[in-house]
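Residues per chain are reported as follows:
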Protein chains: 2
Amino acid sequence: MGILGRLSFKDQAFKLREQAVLDATTRMLASKGFDLMTMDDVAGDAGISKPSLYKHFKSKDELATEVMIRLLDDAQDFLARQAPELSPLARLRDLLAWALRVRLEGGLPFLPSASPQVRAMLTRSLRYVSRAIKLHKTLQGIVEQAKRQGELRADMPTDVILYSYYSRTCDPAVEYLRVYGKYPDEDIVRHMLDVCFDGMSAGQRRADGDA
Amino acid sequence: MGILGRLSFKDQAFKLREQAVLDATTRMLASKGFDLMTMDDVAGDAGISKPSLYKHFKSKDELATEVMIRLLDDAQDFLARQAPELSPLARLRDLLAWALRVRLEGGLPFLPSASPQVRAMLTRSLRYVSRAIKLHKTLQGIVEQAKRQGELRADMPTDVILYSYYSRTCDPAVEYLRVYGKYPDEDIVRHMLDVCFDGMSAGQRRADGDA
DNA sequence: AAAAAATTCTACTGATCAGTAAAAGGTGTT
DNA sequence: AACACCTTTTACTGATCAGTAGAATTTTTT
């Protein structure tokens, strides 16, 4: 167990530090946003120095991109682990509830709704984009299944449903309900799901268009 | 018509330039966001020099705040001009449609969902906050009226409805539908209203909680 | 046409921050 | 104990940008 053992041990420690950096970055991004997050912040929060940070990630953009990639991977994992007997609609509700809880615990929203430059940065990363597309395709399949089973509205285009669904993961109403509404986290999740799927109108659905 | 006439004429020109600056700032904020917007950008776009810009607004923060204040005033004006025979729900739909059209035409979303520092900056401005509170109260009244008339769900807390409603004005789904969905603007508005009020689920409303 | 006012231009200050260099200090291995 | 490797510290570069000063120029007023 000469060189091989030593290397793998070091690599392990390195990976652990890398995860700490990603965690710190997630916290900073969630609290200050990309523009106000400085590399000194991240290094300090992760307990390493800035030059060490650059041993892991070669730029601020790459660091933030890796964080978003990890988030997408977590979402894929969550989907893969869902009980197979769940109906399509139940899977969607379940995933959204998970995403909202992640945010409420100080994590990041899925959708980088924030700034145009952040979006541009992400779309420049093939690794990010390919994961986003894969997740998109998966969810598209679930939505279409839900429509066929009469769980989601068949009269609404799939992309309208999907983009609106994504938007709920970064819905600012969550913060407002926490700060001003003083609701416990579980109530916030419940209300957000309720609004998302059932809307705010009372009574039966209005006719399409103006009819 | 000595001094008085001259002064009022100058003031008029000054006001006109000020509006041009606010328009330019609105465009820049909508396209690049607060952090990436530079004062040189704004001055250039408004057709004046940076030092002249500082004759109007004494800081970048003040400039952005004034833009948001003007937006809130526009919303109040819109509400005040609505036909009095409209039902509460119709007024809410109408206002949201207006806000979405403003955004689709390159304007700003109401809700500064973007960055924490922008929100902090705005809450530091009494003029902004008092207007926001006034608008909030007005809309709260309309929502409660709509609930009493059976147009909005009485089982949903008013603040949940209100914050979700505000969030729709800055919903990123709008951009996605335009860029990826290739929908014309009017279809986007229609679909956004549809999702907002009627949700994405098919069929009758699920029972409250898990019952 | 001359005087008065504002505006523009050029150039600057000072602060912040991404990213880097190089010396100093640990840590574990042999 | 001596060595090799990594990390930290400190200090720096260079770029960007808010905000300003002062000279040059244009416009407006009289």
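Every value quoted in this text rests on a predicted model; they were computed, and no experiment measured them.

A.B. asks: Summarise the overall build of chain A; cite the residues concerned and give the values.
C.D. replies: From N to C terminus, chain A includes 10 helices and zero strands. N-terminal to C-terminal, the α/β element order of chain A is α-α-α-α-α-α-α-α-α-α. Taking as baseline every contact in chain A between residues at least 6 positions apart, the subset at least 24 positions apart corresponds to 65%. Counting every atom, chain A has about 10500 Å² of accessible surface; 56% of that belongs to carbon and sulfur.

A.B. asks: Which residues make up the relation of the copies chain B and chain A, and what values do they have?
C.D. replies: Put simply, the two copies of the chain differ by a rotation about an axis and a shift along that axis. The operation relating chain B to chain A is a screw motion whose rotation component is 180 degrees, with 0.0 Å of axial translation and a residual RMSD of 0.0 Å. On the angle and the small slide along the axis, the relation comes out as a two-fold axis. In terms of C-alpha distance to the rotation axis, chain B has B:Gly199 as its closest residue, with the C-alpha 1.9 Å off the axis. A share of 100% of interface residues in chain B that are also interface residues in chain A marks the association as one of identical surfaces.

A.B. asks: Lay out the nonpolar core with the relevant residues and their values.
C.D. replies: Among the nonpolar cores identified, the biggest contains 133 residues, and A:Leu139, A:Phe197, B:Leu139 and B:Phe197 are the most heavily contacted of them. When residues of this core are assigned to their parent elements, the largest contribution, 10 residues, is made by helix H5 (residues 88-104) of chain B. Two domains each put at least three residues into this core: domain 1 (10-58) and domain 2 (67-198) of chain A. In this structure, A:Leu139 is in contact with A:Leu79, A:Leu92, A:Leu95, A:Leu162, A:Tyr165 and A:Tyr166, ignoring residues within four places of it in sequence.

A.B. asks: So what's going on with the interface of chain B and chain A? Which residues, and what values?
C.D. replies: Each partner contributes residues to the interface: chain B has 48 residues there, and chain A has 48 residues. The contact between chain B and chain A buries some 4800 Å² in all, and 56% of this surface belongs to carbon and sulfur atoms. In terms of surface lost to chain A, no three residues of chain B exceed B:Tyr163, B:Tyr176 and B:Met200, which account for 16% of the buried area on that side. Scanning the region where chain B abuts chain A turns up four salt bridges. Its salt-bridge partner being A:Asp171, residue B:Arg168 comes within 2.9 Å of it at the nearest N-O pair. Scanning the region where chain B abuts chain A turns up 22 residue pairs in polar contact (both at pLDDT 80 or more). Mapped by element, the contributors of at least two residues to the side of chain B that touches chain A are helix H1 (3-32), H5, helix H6 (116-123), helix H8 (158-169), helix H9 (173-179) and helix H10 (185-198) of chain B. It is H8(B) that contributes the most residues to the side of chain B that touches chain A, eight residues altogether.

A.B. asks: Give me the protein's contact with DNA strand C: which residues, what numbers.
C.D. replies: The environment of DNA strand C is made up of 13 residues, and the closest members are A:Met39, A:Lys50, A:Lys60, B:Arg17 and B:Ser52. Within 4 Å of the protein, the atoms of DNA strand C are drawn from sugar and phosphate moieties in a proportion of 67%. Within the backbone of A:Met37, a nitrogen or oxygen atom sits 3.3 Å from a phosphate oxygen of DNA strand C. At 2.9 Å from a phosphate oxygen of DNA strand C is found a main-chain nitrogen or oxygen belonging to A:Met39.

A.B. asks: Describe the pattern of salt bridges, with residues and values.
C.D. replies: Across all of its chains, the model carries 28 salt bridges over all chains by this definition. Between A:Arg153 and B:Asp194 there is a salt bridge whose closest N-O contact spans 2.9 Å. One end of the pair, A:Arg153, is in the loop between helix H7 (126-148) and helix H8 (158-169); the other, B:Asp194, is in helix H10, on a second chain. The two residues A:Arg153 and B:Asp194 agree in class, both being buried. The residue B:Arg190 makes a salt bridge to B:Asp187 at a minimum N-O spacing of 3.1 Å.

A.B. asks: Please give an account of the side chain of B:Gln117 that cites residues and values.
C.D. replies: Tracing the chain through its elements places B:Gln117 in helix H6. Among the polar contacts listed, one links the side chain of B:Gln117 to the side chain of B:Asp35, at a separation of 2.4 Å. Setting aside chain neighbours within four positions, we find B:Gln117 in contact with A:Leu36, B:Phe34 and B:Asp35.

A.B. asks: Quick one: what's the story with the packing of helix H4 (residues 60-81) of chain A against H7(A), residue by residue and with numbers?
C.D. replies: Residues and elements named next belong to chain A. Two elements in contact, H4 and H7, have axes separated by 10 Å at closest approach and are oriented at 25 degrees. In terms of orientation, H4 lies roughly parallel with respect to H7. The crossing of H4 and H7 is left-handed. Each of Thr65, Glu66, Met68, Ile69, Leu72, Asp73, Ala75, Gln76 and Leu79 in H4 lies in contact with H7, whose residues at this interface are Arg127, Tyr128, Arg131, Ala132, Lys134, Leu135, Thr138, Leu139 and Ile142. Of the residues assigned to the contact of H4 with H7, the class counts are 10 nonpolar, three polar and five charged.

A.B. asks: Now, about the protein's contact with DNA strand D: what can you tell me, with residues and values included?
C.D. replies: Near DNA strand D you find 16 residues, and of these A:Arg17, A:Ser52, B:Lys50, B:Tyr54 and B:Lys60 are the closest. Among all atoms of DNA strand D positioned within 4 Å of the protein, those belonging to sugar or phosphate total 67%. Here a phosphate oxygen of DNA strand D sits 3.0 Å away from a polar atom, N or O, in the main chain of B:Met39. Within the contact set of DNA strand D, a phosphate oxygen lies 2.9 Å away from a side-chain nitrogen or oxygen of B:Tyr54. Among the elements of the structure, helix H3 (50-56) of chain A together with H1 and helix H3 (50-56) of chain B are those that each provide at least two residues to the surface near DNA strand D. For the surface near DNA strand D, the residue count by class is seven nonpolar, five polar and four charged.

What counts, and at which threshold
As a convention, each chain's residues are numbered from 1 in the sequence order in which they are written. Labels follow written order: the first chain is A, the first ligand is 1, and so on. Residues qualify for local features only when their pLDDT is at least 70, as the model is predicted, and side-chain atom pairs are given and counted only at 80 or more; totals for whole chains, interfaces and linings, by contrast, use all residues. Remark: hydrogens and water are excluded; side-chain values derive from all non-hydrogen atoms of the structure. The helix count covers DSSP runs of H or I at least four residues long, the strand count covers runs of E at least two residues long, and both are numbered beginning at the N terminus. The criterion used for residue contact is that any of the two residues' heavy atoms lie within 4.5 Å. Here the Shrake-Rupley method, with its probe set to 1.4 Å, supplies the accessible areas, and only the displayed protein chains count as covering residues. The least-squares superposition of copies is restricted to C-alpha atoms, and to residues with a pLDDT of at least 70 in both copies. Definition used in this section: a nonpolar core is a set of buried Ala, Val, Leu, Ile, Met, Phe, Trp, Tyr and Cys residues joined via side-chain atoms within 4.5 Å. Buried, partly exposed and exposed residues are distinguished by accessible area as a fraction of the type maximum, computed with a 1.4 Å probe on protein chains only: under 20%, between the cut-offs, and over 50%, respectively. Residue ranges labeled as domains rest on an automatic or database domain assignment. As a working definition, buried area equals the accessible area (1.4 Å probe) given up by two parts on being put together, with both sides summed. Just to be clear on terms, a salt bridge is a Lys or Arg side-chain nitrogen sitting within 4 Å of an Asp or Glu carboxyl oxygen. In the analysis that follows, any N or O atom pair within 3.5 Å is treated as a polar contact, provided that within protein one partner can donate a hydrogen and the other can accept it, and provided that, for residues neighboring in sequence, both atoms belong to side chains. For each residue, the test is whether any non-hydrogen atom lies within 4 Å of the molecule or strand; if one does, the residue is near. Helix axes are fitted to C-alpha atoms over the stretch in contact, other axes to C-alpha atoms as well, and angles between N-to-C directions run from 0 to 180 degrees. Note on terminology: angles under 35 degrees are roughly parallel, angles over 145 are roughly antiparallel, angles of 65 to 115 are roughly perpendicular, and the others are oblique. Note: crossing handedness is left-handed where the near helix turns anticlockwise from the far helix by less than a right angle, and right-handed where it turns clockwise. Here the nonpolar group is Ala, Val, Leu, Ile, Met, Phe, Trp, Tyr, Cys and Pro; Asp, Glu, Lys and Arg are the charged ones; every other residue, Gly included, is treated as polar.

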